[in-house]
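# Per-entry structural report
For reference, the chains in residue letters:
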Amino acid sequence: MALLQIAEPGMSPAPHERRLAVGIDLGTTNSLVATVRNSVADVLADEQGRPLLPSVVRYRADGSVEVGFEALAHQATDPRNTIVSVKRFMGRSVKDVEHVENLPYDFVDTPGMLQIRTVAGVKSPVEVSAEILRVLRERAESALGGDLVGAVITVPAYFDDAQRQATRDAARLAGLNVLRLLNEPTAAALAYGLDNAAEGVYAVYDLGGGTFDISILKLTKGVFEVLATGGDTALGGDDFDHRLYCWALEQADLSLLPPEDTSLLTVKARAAKEALSTKDSATIQARLSKGRWVNLTIKRDIFAGMTQHLVQKTIDAARRALRDAGLKPADVKGVVMVGGATRMPHVRKAVADLFGQEPLIDIDPDKVVALGAAKQANLLAGNHAPGDDDWLLLDVIPLSLGLETMGGLVERIIPRNSTIPIARAQEFTTFRDGQTAMAIHVVQGERELVSDCRSLARFELRGIPPMAAGAARIRVTFQVDADGLLSVSARETTSGVEASIVVKPSYGLTDEEIARMLQESIGAAEADVAARALREQQVEAQRLVEATIAALAADGDLLDDDERAEVERLLRELIDIARGDDHLAIKTAIDRLSRGTEEFAARRMDRTIRAALAGRRIDEVLPE
Amino acid sequence: MTARAPDHFALFGLEPRFALDAEALEQAYRRVQEQVHPDRFATGSAAEKRVAMQWAARANEAFQTLRSPLGRAAYLCERHGAPIHAESNTAMPEEFLERQLALREALDEARGERDPAALARLRDEIRRLREDTLSALAAALDREGDYRRAAGLVRQLMFIEKFGAELAAAEAETA
């Protein structure tokens, strides 16, 4: 009867209420947000009906921020404060960035991840990305009419731990609850429903505005394994535009145009390129400064000829990826096309020739990743009714994780392509008598030498009791969650002295930093921040109350009377506090109920597994 | 991890034996993952998410160990008090050591001369040796319960698998 008092009006929503969840393609050139409505995945457009949001952020002296088309329009006039392609900087330091000398930004070489000095202050790539995500979140909330329970955000398959962590931090900063980080090629395959296709190897060919990625995926009953990735971070549709622009200069006998003419002619060249995807010829007409006119006609085969070397580069990269995977083109069952540049007929033809089959082009290549992410978000949010199409993605970690050992060598702890989540421990020992501290250096990569791998974190385990060399037992545990994010802990096991530490790699932001950035975020008055925090905690409280009541109803018999009374007490306390307006108090009450139900959650999981294996020697399953 | 999941075989509802139906293992693994994977608790409480991650990691570990004959045999030996200690215990029957030496020499020679026919003969030999070792392991583990002998066979199998990988690399070079 306690339950009757608990289910009060306002705390318990109508059953089967749809939870609002979105998929976000946070791209190098453009970003999109999509959701599933009435069982159909659809991209959400802005007020002008434009589905794409250019991934461009401009900071202004008065502290205001422009995102998308507005920012893009100022790229030529305010290049230092207009950040394009910020994705290249996520989780990277200055030395990681290719052709950094050609970029117009004032970089600050901070350890772990670079920052950019703008007219509105120093900004990290995480903050810049958060501006893009915030616009997409607001777009989704106004289109869907409510707060989001969460988002699935896509990342390239080869993104390492630093880049994934940065992406996740950006989402938190934008006020998004991340349901999962999803690999872009996996999302594209999901959009095509390949999860329920038969087993096989698929290639995802992704030619975007400025980057080319090729991924070879293996599907086995819902397990998506990335066999190989490759590509070119400096090759994309922009290079085709540029080639056509150069051709136009030659034809019109022009040279050294002023910047505004250059940008006008580039825009015209791009329009002609796009027209050639559907027509045999296109015109480039522009009125330049000083009254000069350009009026040219370009035929499709001429354009194809002058850009064939670019296409060939992608084909060579695809061949290399296949070779890395130990496969031949004929082993590939289907090729998914991603990115606007794959609309060019000669690109499609080259791909078809390589793989000996027509590529999949039914879904808009600009939207396919966002649509797949939306499908996964809808599933994770729990909107699937029993009997709906269902799938489980078992992803793998793209790069090996290990520790530095003597001589700068890497001891691999978790090999690449291990199915995640995964936890693995390894024991180490001291090498000096009386050694009381041990430096632990976590790296990611496939090479044998530490200097050839990416350094993720360094920390020191202190308080080891003095012992003879080799007597201490230091157990280092790596844990990688379902997003591919790592945490590491270490402890000395022989002495009973516990020296334990959990590290988050150094580029990760602390909760305090996130809070500070939220406070500082432009356009968000303090009252808005507080109101939003309160609403978020209330939503979270409601979700937890609902889930706990459902759990008690289904499996309450797993608790004895005292245990049940305690859970109900914590539940009532949370309901009371959630009526108030103190978001910190609500958070504390949520944490208390959450901790207080951990054992209950573990017992329920045991029961679930038993039921799943029922009929298969149940007496052998999980003996107590 | 909780004490409720003491054994990889029990987790999947399988008999703790070396002889194993690979299909049954895979089905049980998927059935467990369908229940415990963190994706099933993406909107759940922090407690549920934590428990789900531990269980899913546990299921992945168990599946990876049991799916390979080497991992499965080593696991059974360790469970029965006969750890493998591959780094410190290198003692092997003299006959096996001699064969190992001969195989290594033959591989070096075939690789040096880029001789596909010799590599193919080695491939046949190592396949036979592997099959013999696996049946000896099945006898020691499932019929005789001789885990010390089995641990010795596991160390031999480790050599065979490593040799097989080197042979495959040599074949790829020559092809």
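All residue numbers here refer to positions counted from 1 along the written sequence of the relevant chain. Lettering of chains starts at A and numbering of ligands starts at 1, both following the order in which they are written. The predicted origin of the model limits local features to residues at a pLDDT of at least 70 and limits the giving and counting of side-chain atom pairs to 80 or more, whereas totals for whole chains, interfaces and linings rest on all residues.

### Let's talk about the overall build of chain A
Strands here are runs of E lasting at least two residues and helices are runs of H or I lasting at least four, both read from the DSSP assignment and numbered beginning at the N terminus. In terms of regular secondary structure, chain A is built from 15 helices and 26 strands. Here the contacts in chain A between residues at least 6 apart in sequence split such that 67% fall between residues at least 24 apart. Contact definition: two residues whose C-beta atoms, as placed from backbone geometry, lie within 7 Å.

### Structural notes on the overall build of chain B
The helix and strand inventory of chain B stands at seven helices and zero strands. The order of α-helices and β-strands along chain B, N terminus first, is α-α-α-α-α-α-α. Here chain B has a C-alpha radius of gyration of 20 Å; the compact-globule value for 175 residues is 16 Å, and the former is much larger. With the C-alpha coordinates of chain B rotated into their principal frame, the extents come out at 60 × 40 × 30 Å. Each residue is classified by how many other C-beta atoms fall within 10 Å of its C-beta atom, where C-beta atoms are placed from the backbone; a count of 20 or more means buried, 12 or fewer means exposed, and values in between mean partly exposed. The buried share of chain B, reckoned over its 175 residues, is 38%. By sequence separation, contacts in chain B at least 24 residues apart represent 61% of the contacts at least 6 residues apart. The globule rule is 2.2 Å times the number of residues to the power 0.38, and the radius of gyration it is compared with is taken over C-alpha atoms.

### Section: helix H15 (residues 598-612) of chain A
What a helix should span is 1.5 Å times the count of its residues minus one. Here H15(A) contains 15 residues, and its C-alpha end-to-end distance of 21 Å stays within 8% of the 21 Å for a straight helix at 1.5 Å per residue. Among the residues of H15(A), Phe600(A), Ala601(A), Met605(A), Asp606(A) and Ile609(A) are the ones counted as buried.

### A word on the sheet that holds strand E14 (residues 212-220) of chain A
All names here are of chain A. Strand pairing is assigned whenever DSSP identifies at least 2 bridges connecting the two strands. The strand order across the open sheet built from four strands is E15-E14-E13-E18, with neighbouring strands paired in mixed fashion. For this open sheet the edge positions go to strand E15 (223-232) and strand E18 (332-338), each flanked by a neighbour on one side alone. This sheet shows a mean twist of 20° between the axes of neighbouring strands, independent of strand direction. Between N-to-C directions, angles cover 0 to 180 degrees, with each direction set by a line fitted to C-alpha atoms, over the stretch in contact for helices.

### Here's the deal with the interface of chain A and chain B
On the side of chain B, 31 residues touch chain A, which itself brings 40 residues to the contact. Counting only elements with at least two residues in the side of chain A that touches chain B, the list comes to strand E12 (178-183), strand E21 (422-428), helix H12 (526-555), helix H14 (583-596) and H15 of chain A. In terms of residue count, H15(A) provides more of the side of chain A that touches chain B than any other element does, eight residues in total.

### Quick look at the pairing of E15(A)
Residue and element names in this part refer to chain A. In this sheet, E15 lies alongside E14 in antiparallel orientation, the contact comprising nine bridges. Bridged to serine 215 within E15 is threonine 229. The antiparallel pairing of E14 with E15 creates a hairpin that spans two residues between the two strands, and lysine 221 there sits at a positive phi of about 45°.

### Some details on unusual backbone geometry
The step from Ile420(A) to Pro421(A) runs through a cis peptide bond, and the omega angle for that step is 5°. With respect to the element layout, Pro421(A) can be found in the loop between strand E20 (409-414) and E21. Here the phi dihedral of Lys290(A) falls at roughly 60°; this positive angle occurs in a residue that is not glycine. Within the secondary structure, Lys290(A) is located in the loop between strand E16 (281-287) and strand E17 (293-299). Owing to 6 C-beta atoms within 10 Å, Lys290(A) belongs among the exposed residues under this scheme. Positive phi, close to 45°, is recorded for Arg114(B), a residue that is not glycine. Looking at where Arg114(B) falls in the secondary structure, it is placed in the loop between helix H5 (94-112) and helix H6 (116-144).

### Regarding the sheet that holds strand E9 (residues 115-118) of chain A
The pairing of strands in a sheet comes from backbone hydrogen bonds and takes either a parallel or an antiparallel form. All names here are of chain A. Judged by pairing direction, the sheet is antiparallel, and its three strands sit side by side in the order E8-E9-E10 without closing on themselves. If you trace the sheet from one side to the other, it starts and ends with strand E8 (106-108) and strand E10 (121-123), each paired once. Recorded for the sheet is a direction-independent mean angle of 35° between the axes of neighbouring strands. Here E9 runs beside E10; their pairing, made up of three bridges, is antiparallel. In the sheet register, threonine 118 faces E10, and the bridge partner there is glycine 121.

### Structural notes on the packing of helix H6 (residues 237-251) of chain A against helix H7 (residues 259-275) of chain A
How two helices sit against one another is set out by the angle between their axes and by the gap between those axes. Residue and element names in this part refer to chain A. Close contact between H6 and H7 brings their axes to 8 Å; oriented N to C, the two are set at 110°. The angle between the axes of H6 and H7 places the two elements in the roughly perpendicular class. At the point where H6 passes H7, the crossing takes the right-handed sense. Touching Phe240, Asp241, Leu244, Tyr245 and Ala248 of H6 are Leu265, Thr266, Ala269, Arg270, Ala272 and Lys273, all from H7. Counted by class, the contact of H6 with H7 contains seven nonpolar, one polar and three charged residues. For classification, angles of less than 35 degrees are called roughly parallel, those exceeding 145 degrees roughly antiparallel, those between 65 and 115 degrees roughly perpendicular, and all remaining angles oblique. By convention the crossing between two helices is left-handed if the near helix lies anticlockwise of the far one by an angle smaller than a right angle, and right-handed if it lies clockwise. In this count, Pro and Cys sit with the nonpolar residues alongside Ala, Val, Leu, Ile, Met, Phe, Trp and Tyr, while Asp, Glu, Lys and Arg are called charged and the others, Gly among them, polar.

### Quick word on the domain arrangement of chain A
It is common to give the size of an interface as the accessible area that goes away when the parts come together. Parsing chain A into structural domains produces domain 1 (21-192 + 368-380), domain 2 (194-234 + 311-355), domain 3 (237-306), domain 4 (401-512) and domain 5 (525-612). Segmentation of the chain into domains, including their bounds, is taken from an automatic or database domain assignment. Centre-to-centre separation of domain 2 of chain A and domain 3 of chain A, based on C-alpha positions: 30 Å.

### Remarks on the packing of helix H3 (residues 125-144) of chain A against helix H4 (residues 161-173) of chain A
Residues and elements named next belong to chain A. Where H3 meets H4, the closest approach of the two axes is 8 Å, and the angle between their N-to-C directions is 55°. Compared by their axis directions, H3 and H4 come out oblique. The element H3 and its partner H4 pack so that their crossing is right-handed. Taking contact as the criterion, the partners of Pro125, Val126, Glu127, Ser129, Ala130 and Leu133 in H3 are, on H4, Ala166, Asp169, Ala170, Ala171 and Leu173. Partitioned by chemical class, the residues of the contact of H3 with H4 number eight nonpolar, one polar and two charged.

### Re the environment of Asp96(A)
Within the fold, Asp96(A) resides in the loop between strand E7 (82-84) and E8. With 55 residues separating them along the chain, Asp96(A) and Ala151(A) place their C-alpha atoms 29 Å apart.

### A look at the pairing of E18(A)
Residue and element names in this part refer to chain A. Burial analysis of E18 places six of its seven residues in the buried class, which makes it a mostly covered element. As paired elements, strand E13 (residues 200-207) and E18 share six bridges and run parallel to each other. Counterpart to tyrosine 205 in the pairing with E18 is methionine 337.

### A few points about the environment of Thr405(A)
Residue and element names in this part refer to chain A. Relative to the assigned elements, threonine 405 resides in strand E19 (residues 401-405). Taking the number of C-beta atoms within 10 Å as the measure of exposure, threonine 405 has 12 and is therefore exposed. Separated by 44 residues in sequence, threonine 405 and leucine 449 place their C-alpha atoms 9.8 Å apart.

### Notes on H3(A)
All names here are of chain A. With 20 residues, H3 should reach 28 Å at 1.5 Å per residue; the first-to-last C-alpha distance of 28 Å fits that figure. Within H3, 14 of the 20 residues are buried, leaving the element largely enclosed by the surrounding structure. Glycine 145 sits one or two residues past H3 and shows a positive phi near 70°.

### Quick notes on the domain arrangement of chain B
Considered domain by domain, chain B is made up of domain 1 (8-67) and domain 2 (94-174). A separation of 32 Å is found between the C-alpha centroids of domain 1 of chain B and domain 2 of chain B.

### Observations concerning the confidence of the model for chain A
Residues and elements named next belong to chain A. For every residue, the predictor states its confidence as a pLDDT score lying anywhere from 0 to 100. The predicted model of chain A averages 86 in pLDDT, with 89% of residues at 70 or higher. The least confident element of chain A, judged by mean pLDDT, is helix H1 (residues 2-6) at 36; the most confident is strand E1 (residues 21-26) at 98. Low pLDDT, under 50, characterises residues 1-15; the stretch is placed with 14 contacts to residues that sit more than four places away or in other chains. Here residues 615-624 is modelled with pLDDT under 50, and outside its nearest four sequence neighbours on either side it reaches 20 contacts, counting other chains as well.

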